Amino acid sequence: MIVWVNGAFGSGKTTLVDELRPRWPEVLLYDPEMVGYVLRAIVDVPSGDFQDLRLWRRQVADLAVGLVEEYRRPVLVPMTLVNPGYVGEIFGALKDAGLEVHHFFLKVSREVLEKRIDGRSFTPDNPEQDEKVRRWCKERIARCMAAADTLPSDTVFLDGELAPQELADQVLARVRAGGTSGV
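Remember, predicted model here, so these are calculated numbers, not experimental data. (Residues numbered from 1 in each chain as written. Predicted model: local features only at pLDDT ≥ 70, side-chain atom pairs only at ≥ 80, totals over all residues. Heavy atoms only, no water.)

Participant: Hey, could you run me through a negative patch on the surface in this one?
Facilitator: A cluster of acidic residues, Glu111, Asp159, Glu161 and Glu166, forms a negative patch on the protein surface. Note on placement: Glu161 falls in the loop between strand E5 (156–159) and helix H8 (164–177). (Patch = residues over 30% accessible without salt bridge, like charges linked within 9 Å, V, L, I, M, F, W, Y side chains within 5 Å. Areas by Shrake-Rupley, 256 points an atom, 1.4 Å probe, with all protein chains shown as cover. Salt bridge = Lys/Arg side-chain N within 4 Å of Asp/Glu carboxyl O. Lys, Arg positive; Asp, Glu negative; His and termini not counted. Charge placed at Lys NZ, Arg CZ, Asp CG, Glu CD. Helix = DSSP H or I, 4+ residues; strand = E, 2+ residues; numbered from the N terminus.)

Participant: Before we go on, may I ask you to explain the nonpolar core in this structure?
Facilitator: Nonpolar side chains in soluble globular proteins tend to end up buried together. Ranked by size, the top nonpolar core spans 40 residues in total, and within it Ile2, Trp4, Trp56, Ile90 and Leu94 carry the most contacts. Residue assignment for this core shows that the elements contributing at least two residues are strand E1 (2–7), helix H2 (33–42), helix H3 (54–71), strand E3 (75–78), helix H4 (84–96), strand E4 (101–107), helix H5 (110–118) and helix H7 (141–146). Broken down by element, the residue count for this core peaks at 7 residues, all from H3. With residues up to four places along the chain from it excluded, the contact list for Ile90 reads Trp4, Trp56, Arg57, Val60, Ala61 and Leu81. Counting residues in hydrophobic clusters, the runner-up holds 18 residues, among them Val5, Leu20, Trp24 and Val156. (Core = buried A, V, L, I, M, F, W, Y, C linked by side-chain atoms within 4.5 Å. Buried < 20%, exposed > 50% of the residue type's maximum accessible area, 1.4 Å probe, protein only. Contact = heavy atoms within 4.5 Å.)

Participant: Looking at this structure, how should I read the environment of Ser11?
Facilitator: The residue Ser11 is located in the loop between E1 and helix H1 (13–23) in this model. Sequence separation of Ser11 and Lys107 is 96 residues, and the distance between their C-alpha atoms is 6.9 Å. When sequence neighbours within four positions are dropped, the list of residues in contact with Ser11 reads Asn6, Leu106, Val108, Leu113, Arg116 and Gly160.

Participant: It is not clear to me how the pairing of E3 should be interpreted in this structure. Could you clarify?
Facilitator: Strand residues, when the strand is regular, have side chains that alternate between the two faces of the sheet. Burial along E3 is two-sided: the residues Val75 and Val77 and Leu76 and Pro78 are all buried. Pairing of strand E2 (residues 28–29) with E3, which is carried by 2 bridges, proceeds in the parallel orientation. Residue pairing for E3: Leu28 is matched across the bridge by Val75. (Pairing = 2+ DSSP bridges.)

Participant: Just to check I follow, could you spell out the pattern of salt bridges for this structure?
Facilitator: Proximity of charged atoms lets side chains of opposite charge pair with each other. In total, this model carries 9 salt bridges according to the counting rule given. Glu19 is paired through a salt bridge with Arg23; the nearest N and O atoms lie 3.4 Å apart. Note that Glu19 and Arg23 are positioned in helix H1 at a spacing of 4 residues, about one turn of the helix. Among the ionic pairs, Asp154 bridges to Lys95, the shortest N-O distance being 3.2 Å. Here Asp154 is found in the loop between H7 and E5, whereas its partner Lys95 is found in helix H4, with 59 residues between them in sequence. Taking relative accessible area as the criterion, Asp154 reaches 40% and is therefore assigned partly exposed. Via salt bridges that share partners, Glu19, Arg23 and Asp169 belong to a single interconnected network.

So this is what it looks like as structure tokens:
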């Protein structure tokens, strides 16, 4: 089973995952950003967004499938993924491999997203880089918010402004209602 936690930058994906992990000890945490960082160290990313690399999308799906097959445990994936083609490509590969995919999207107002992004430090020792990352995240808010209308019909939308404990309760209730054994 794959549990994908999606949403704009600043929507609370990491906070929700941090709340879920101790309550769901058998879950494996898989951050596809790491795949992007590895690829960025090897090849150029002309657009600046590693999601635009076909190899990134293929490796994200392949590694998720491999984790489930090898370890027979559910996999929790916190990652902003809003390009409809990329969502279809990755989720299609996961489903083609026979995996159950639970897709959650955290909806948060623009004002709250901006406030959360402004309150984060991405590179504490480099204020210029911090500001550059904040700007990059903010430039993608509109696209992320608009993506809600293009996501798969089985996407579960959650109010990302709720307390992390409430959100974790909702995710666990949905996943457990699916009737799977956890893999």
